[in-house]
Amino acid sequence: MLKALFMCLFSPFVDHSNGSFNLKALSGSSGYKFGVLAKIVNYMKTRHQRGDTHPLTLEEILDETQHLDIGLKQKQWLMNEALVNNPKIEVVDGKFAFKPKYNLKDKKALLRLLDKHDQQGLGGIFLEEIEEGLPNAHKAIKALGDQILFVTRPDKRQLLYYNDKSCHFSVDEGKCLFTSVSMI
């Protein structure tokens, strides 16, 4: 009985060849709406990482993500709620742009940020946060060479630190106080 009711209600949205749902057909569903939102945010992030940082209108975003066929209700939801309230998207003159945690322009800005973190005792910054906010991050990181240090955590996430060369010192093991002390 329940299966018959389910099939009666959702039959237009089921692909009968494999039994899966067509989320696009359920255009009012939250799964489809949030799927479109996730695709838009990922697209805006990718644009930012390529150095394409100018803001876009919703229509331009939908065109570039190939979502021109979404309904008016979903467009209004994206325009008035989802994109406006998303922490990774900022509104600039009615247009939308990606908003990284650290908005960096070049390798000098990255070095200044890492130095500031070091001076304030804030520690390192995750590599993915740098990659998110710095266009062509790998190129900039490679160019900085030994001015930055990488630390890989046990969970495989990498942290970047400023390599403050004024803090380097050598230790003469012959004068080390603790080499001859036995521990009981």
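As the structure is a prediction and not an experimental result, all values here were calculated from the model. (Residues numbered from 1 in each chain as written. Predicted model: local features only at pLDDT ≥ 70, side-chain atom pairs only at ≥ 80, totals over all residues. Heavy atoms only, no water.)

J.: Describe the overall build of the chain, listing the residues and the values that go with them.
T.: Regarding its fold elements, the chain presents seven helices and seven strands. In the chain, the succession of α and β elements from N to C terminus is α-β-β-α-α-α-β-β-α-β-α-α-β-β. Taken across its 184 residues, the chain has 32% of its residues classed as buried. A separation of at least 24 residues holds for 50% of the contacts in the chain among residues at least 6 apart in sequence. In the structure as shown, the chain presents an accessible area of about 12500 Å², 56% of it carried by carbon and sulfur atoms. (Helix = DSSP H or I, 4+ residues; strand = E, 2+ residues; numbered from the N terminus. Buried < 20%, exposed > 50% of the residue type's maximum accessible area, 1.4 Å probe, protein only. Contact = heavy atoms within 4.5 Å. Areas by Shrake-Rupley, 256 points an atom, 1.4 Å probe, with all protein chains shown as cover.)

J.: Help me get a handle on the sheet that holds strand 7 (residues 158–162), residues and values and all.
T.: The strands making up a sheet associate through hydrogen bonds between their backbones, and the pairing can be parallel or antiparallel. Strands sit in the order 5-7-6 across an open sheet of three strands; the sheet is antiparallel. One side of each edge strand has no neighbouring strand; the edge strands of this open sheet are strand 5 (125–126) and strand 6 (148–152). Across five bridges, strand 6 lies against strand 7 in antiparallel orientation. If you follow Thr152 over to strand 7, its bridge partner there is Gln158. (Pairing = 2+ DSSP bridges.)

J.: Requested: an account of the packing of helix 5 (residues 107–119) against helix 7 (residues 137–144), with residues and values cited.
T.: Angle between the axes and distance between the axes are the two parameters that describe a pair of packed helices. As a packed pair, helix 5 and helix 7 sit with axes 9 Å apart at the nearest point and diverge in direction by 70°. When the axis of helix 5 is compared with that of helix 7, the two are roughly perpendicular. Handedness of the helix 5/helix 7 crossing: right-handed. Contacts from Lys107, Leu110 and Leu111 in helix 5 reach Ala140, Ile141, Ala143 and Leu144 in helix 7. Across the contact of helix 5 with helix 7, the residue classes tally to six nonpolar, no polar and one charged. (Axes fitted to C-alpha atoms, helices over the stretch in contact; angles between N-to-C directions. Parallel < 35°, antiparallel > 145°, perpendicular 65-115°, else oblique. Left-handed = near helix turned anticlockwise from the far one by under 90°. Nonpolar A, V, L, I, M, F, W, Y, C, P; charged D, E, K, R; others polar.)

J.: Please set out helix 4 (residues 72–82) residue by residue, giving values where relevant.
T.: Residues of helix 4 that are buried: Gln74, Lys75, Trp77, Leu78 and Ala82. Mapping the buried residues of helix 4 onto a view down its axis gives an arc of 160°, with all of them on the same face. Away from its buried face by more than 90 degrees, helix 4 exposes Leu72, Lys73 and Asn80. Structurally, helix 4 contributes buried residues whose contacts are with helix 2 (30–49) and helix 3 (58–64). (Arc of directions from axis to C-beta.)

J.: Please set out the confidence of the model for the chain residue by residue, giving values where relevant.
T.: Mean pLDDT for the chain: 78, with 74% of residues reaching 70 or above. Here helix 1 (residues 2–10) is the element of the chain with the lowest mean pLDDT, 37, and strand 4 (residues 95–98) is the one with the highest, 93. In the model, residues 1–27 has pLDDT below 50 throughout and makes 23 contacts with residues more than four positions away in sequence or in other chains. (pLDDT = per-residue confidence, 0-100.)

J.: Residue-level account of the side chain of His67, with values.
T.: Mapped onto the elements of the fold, His67 is located in the loop between helix 3 and helix 4. Residue classification places His67 among the buried positions, given a relative accessible area of 8%. Polar side-chain contacts of His67 include one of 3.1 Å to the backbone oxygen of Thr65. (Polar contact = N/O pair within 3.5 Å; in protein donor to acceptor, adjacent residues only side chain to side chain.)

J.: Give a detailed account of the packing of aromatic side chains, specifying residues and quantitative values.
T.: Counted by the stated rule, this structure contains one aromatic pair. Between Phe34 and Trp77, the ring centres sit 5.1 Å apart and the planes meet at 80°, which makes this aromatic pair edge-to-face. Of this pair, Phe34 sits in helix 2 while Trp77 sits in helix 4, and the two are 43 residues apart along the sequence. The aromatic ring of Trp77 is capped on one face by Lys33, whose charged end is 4.7 Å from the ring centroid. Lying across the ring of Phe126, Arg157 places its NZ or CZ 3.6 Å from the centre. (Phe/Tyr/Trp six-rings, centres within 6.5 Å; stacked < 30°, edge-to-face > 60°. Lys NZ or Arg CZ within 6 Å of the ring centre and 35° of its normal.)

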